[in-house]
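Here is how the chains run, residue by residue.
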Amino acid sequence: MVSVIKKWLRSTYDLLMFLPSKALNALPDRLFFVAVNAQLFMKGSPARFSASSRPRAFVAQSDNLSHYFLHRDRGRQFYAQGLKARAKQIGQSYCLDHIDFTQNDVVVDCGANTADLFLYLAGKISAEQYITFEPAPREHLMCQLNVPKARHFNLGLGDEPGVVKFYMKSDTADSSVIQPSLYEDVIDIKVTTLDAWLSEYDVNKIKLLKLEAEGFEPEILAGASSFLARCEYVAIDGGYERGVNAEQTFTTQTNILASHGFRLVDANFKWIRALFVNANL
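Conventions and cut-offs
- Residues numbered from 1 in each chain as written.
- Predicted model: local features only at pLDDT ≥ 70, side-chain atom pairs only at ≥ 80, totals over all residues.
- Heavy atoms only, no water.
- Core = buried A, V, L, I, M, F, W, Y, C linked by side-chain atoms within 4.5 Å.
- Buried < 20%, exposed > 50% of the residue type's maximum accessible area, 1.4 Å probe, protein only.
- Helix = DSSP H or I, 4+ residues; strand = E, 2+ residues; numbered from the N terminus.
- Contact = heavy atoms within 4.5 Å.
- Arc of directions from axis to C-beta.
- Pairing = 2+ DSSP bridges.
- Axes fitted to C-alpha atoms, helices over the stretch in contact; angles between N-to-C directions.
- Polar contact = N/O pair within 3.5 Å; in protein donor to acceptor, adjacent residues only side chain to side chain.
- Parallel < 35°, antiparallel > 145°, perpendicular 65-115°, else oblique.
- Left-handed = near helix turned anticlockwise from the far one by under 90°.
- Phe/Tyr/Trp six-rings, centres within 6.5 Å; stacked < 30°, edge-to-face > 60°.
- Lys NZ or Arg CZ within 6 Å of the ring centre and 35° of its normal.

> Whenever I open this one, the nonpolar core confuses me. Can you help?
In globular proteins that are soluble, nonpolar side chains generally tend to be buried together. By size, the foremost hydrophobic cluster in this structure holds 41 residues, and its most contacted members are Leu96, Leu121, Tyr130 and Leu208. Of all the elements in the fold, those that place two or more residues in this core are helix H3 (29–43), strand E2 (57–62), helix H4 (72–79), helix H5 (83–93), helix H6 (117–121), strand E11 (231–237) and strand E15 (273–278). Beyond its immediate chain neighbours, meaning those up to four positions away, Leu121 contacts Phe101, Val107 and Tyr130. If you look at the next biggest cluster of nonpolar residues, it comprises 36 residues, including Phe153, Ile178, Ala224 and Phe262.

Structural data, given as structure tokens:
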């Protein structure tokens, strides 16, 4: 009897651990997360996933934390080791361990997606000092749910205010103002500049700007001269994401920031991200 049970457990383990991705992805949400949670349990991961009907989204839970997200494959990729592990990954990718945060520090998150950055910032700054810009409607809602005390703007950023086309590629977080080679939908979004926003809200000092706009980062920096003068650190994503030719923006952003008195602190070339400090402050 014992040997039968062992064989059953072994076969169940093999089925769950080595279930082909194609078969796993074909499962409805409830069964998908049953299988994924079983895999995580067997691997000793603290993460668990579930589906939410209001709103239509998914939830990752671990370490007494919870986080809403929109796409189950992307969530499984980023949160499978737990939310604290995701927080550490975010911090390392943007070289943020060089910054000594205080509770009153203001952080502006451009291209916030579902506010993963706050997983790293939680406990370092007050939630009220966290500001997101996320033009995609559903991602903006996730930001509101994940950090309800923060200030969230359902706006894009650029070099001039207006209304522009926004090419949606939500499942891979590759939505952009610049038309990519692949996209699911096109919507109109409102765009402002960081300088226009600053003149309205008059924030005296910004500790950090995190800038990730899928190739549109140079235009955002072009509309941020006054903002940059009050900003101590800028963390950029400069990867090969600009338009159908998938051009990098790392060098362009570096040159713009250098012209405003910023110097490079550190770079993570695995992610093509870097941290800059304002030498004038």
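From this point, things continue past the structure.
> Is there a simple way to explain the environment of Ala229 in this structure?
Position of Ala229 among the secondary structure elements: in helix H10 (residues 225–229). Ala229 sits 200 residues away from Asp29 along the chain, and the two C-alpha atoms are 47 Å apart. Ala229 has contacts with Asn278 and Leu281, leaving out every residue within four places of it along the chain.

> Would you mind going over helix H8 (residues 194–201) with me for this structure?
Residues that lie three or four places apart on an α-helix share one face, since the helix turns once every 3.6 residues. When H8 is considered as a whole, its buried residues turn out to be Leu194, Trp197 and Leu198. Each buried residue of H8 sits inside an arc of 100° when the element is viewed along its axis, so together they form one side. Opposite its buried face, H8 presents the exposed residues Ser199 and Glu200, each directed more than 90 degrees away. Just beyond H8, the residue with positive phi is Asp202, at close to 50°.

> Explain the sheet that holds E2 here, please?
Sheet strands pair by backbone hydrogen bonding; their relative direction is either parallel or antiparallel. Spatially, the three strands line up as an open sheet ordered E1-E2-E3, and their pairing is antiparallel. The open sheet terminates on both sides in strands that have one partner only, identified here as strand E1 (48–52) and strand E3 (65–69). With direction set aside, neighbouring strand axes in the sheet form an average angle of 25°. Pairing between E1 and E2: five bridges, direction antiparallel. Residue pairing for E2: Ser52 is matched across the bridge by Ala57. Across the sheet, helix H7 (residues 137–146) touches E2 and E3, and the angle it forms with E3 is around 165°.

> Any chance you could explain the pairing of strand E10 (residues 206–211) here in plain terms?
A regular strand carries its side chains on alternate faces of the sheet. Judged by how many residues are buried, E10 sits mostly within the fold: six of six residues are covered. Across four bridges, the pairing between strand E4 (residues 107–110) and E10 is parallel. Bridged to Val108 within E10 is Leu209.

> I'm lost on H4 in this one. Help?
Three or more residues of H4 are buried, namely Arg72, Gly75, Phe78 and Tyr79. Seen from one end, H4 has its buried residues packed into an arc of 135°, which puts them on one side.

> Which parts of the structure should I look at to understand the side chain of Asn278?
Examined against the element boundaries, Asn278 turns out to sit in strand E15. At 3.1 Å, the side chain of Asn278 and the backbone oxygen of Cys231 are in polar contact. Residues within four places of Asn278 in sequence aside, it is in contact with Leu228, Ala229, Cys231, Glu232, His260, Gly261 and Phe262.

> Can you help me understand the packing of H3 against H4 in this one?
Between H3 and H4, the least distance of the axes is 12 Å, while the angle of their chain directions is 15°. Here H3 is positioned roughly parallel relative to H4, judged by the angle of their axes. Judged by the sense of rotation from one axis to the other, the crossing of H3 with H4 is right-handed. Here Asp29, Phe32, Phe33 and Val36 of H3 come into contact with H4, specifically with Arg72, Asp73 and Arg76.

> Looking at this structure, how should I read the packing of aromatic side chains?
Between two aromatic rings, the relevant description is the distance of the centres plus the angle of the planes. Tallied over the full model, the rule gives 15 aromatic pairs. One aromatic cluster is present, formed by Phe32, Phe33, Phe49, Phe58, Phe69 and Tyr79 through successive ring pairs. Over the ring of Phe78 we find Arg86; its NZ or CZ atom is 4.0 Å from the centre of that ring. The side chain of Lys124 reaches across the aromatic face of Tyr120, ending 4.2 Å from its centre.

> Could you clarify how one ought to interpret the sheet that holds E11 in this entry?
Taken together, seven strands build an open sheet; the order of strands is E6-E5-E4-E10-E11-E15-E14 and the sheet is mixed. Two strands close off the open sheet at either side, each with one partner strand: strand E6 (151–153) and strand E14 (262–268). For this sheet the average axis-to-axis angle between neighbouring strands, irrespective of direction, equals 15°. As paired strands, E11 and E15 are joined by five bridges and run antiparallel to one another.

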